[in-house]
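Single-letter residue listing:
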Amino acid sequence: MSAADQEVTMAGPARKMPIKRLPMLPAERALKVIAGRWKAVILYHLFDGPRRLSALKAMMPDITQKVLIQQLREMEEHGLVSREIFAEVPARVEYSATSLGLSLEPILLALCQWGQHHADELNEKHRLADCIIRPRRAQHAHTA
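Residues numbered from 1 in each chain as written. Predicted model: local features only at pLDDT ≥ 70, side-chain atom pairs only at ≥ 80, totals over all residues. Heavy atoms only, no water.

Draft legend 1. Structural view of the sheet that holds strand β4 (residues 81–86). Spatial ordering of the open sheet is given by β3-β5-β4, a layout of three strands whose pairing is antiparallel. At either end of the open sheet lies a strand with only one pairing partner, and these are β3 (51–52) and β4. Note that β3 and strand β5 (residues 92–97) share two bridges and pair antiparallel. Bridge pairing in β5 places R52 opposite E94. (Pairing = 2+ DSSP bridges. Helix = DSSP H or I, 4+ residues; strand = E, 2+ residues; numbered from the N terminus.)

Pasting the structure below:
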């Protein structure tokens, strides 16, 4: 294991969180943090508010529970998602996008739009699902 892969401790306001050393180039760092087939989809579902694991799983039937938990842990480690455990019987756990995670919303929208443009350029738009990420401000402006 290289020094770059060794865990370091990042001190937070109220806790210490171990994270793997991330790349020094900011663009590479950003891509590393959001890399993974499901992270953008999970974040999309958390943009609207807290969700339980079972609700997230129901929204993404093609993801295994093991992968969902792994992706949530990685996003929690990188400060994109927070996990709240409620003292109930049985225990209830909810996942939420942090302010750092919510700051990815316009970036994910831009990636979605670029993906549509890419498909258009390669005459593959018929293979795409609808782009469902919409800017938060636009959603609230229509409902207000």
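Draft legend 2. The arrangement of the pattern of salt bridges in detail. Within this structure, the stated rule accounts for six salt bridges. The salt bridge involving E74 is made with K39; its shortest N-O contact spans 2.8 Å. In this pair, E74 is assigned in helix α4 (residues 65–77) and K39 in helix α2 (residues 39–46), connecting sequence segments 35 residues apart. Bridged by salt links that share partners, the residues E88, R92 and E94 form one connected network. (Salt bridge = Lys/Arg side-chain N within 4 Å of Asp/Glu carboxyl O.)

Draft legend 3. Local environment of unusual backbone geometry. Between V89 and the following residue, P90, the backbone shows a cis peptide bond with an omega angle of -5°. You can see P90 is positioned in the loop between β4 and β5. Phi angles above zero are rare outside glycine, and N123 is one such case at about 55°. Structurally, N123 is set in the loop between α6 (105–121) and α7 (136–143). Judged by its relative accessible area of 65%, N123 falls in the exposed class. (Buried < 20%, exposed > 50% of the residue type's maximum accessible area, 1.4 Å probe, protein only.)

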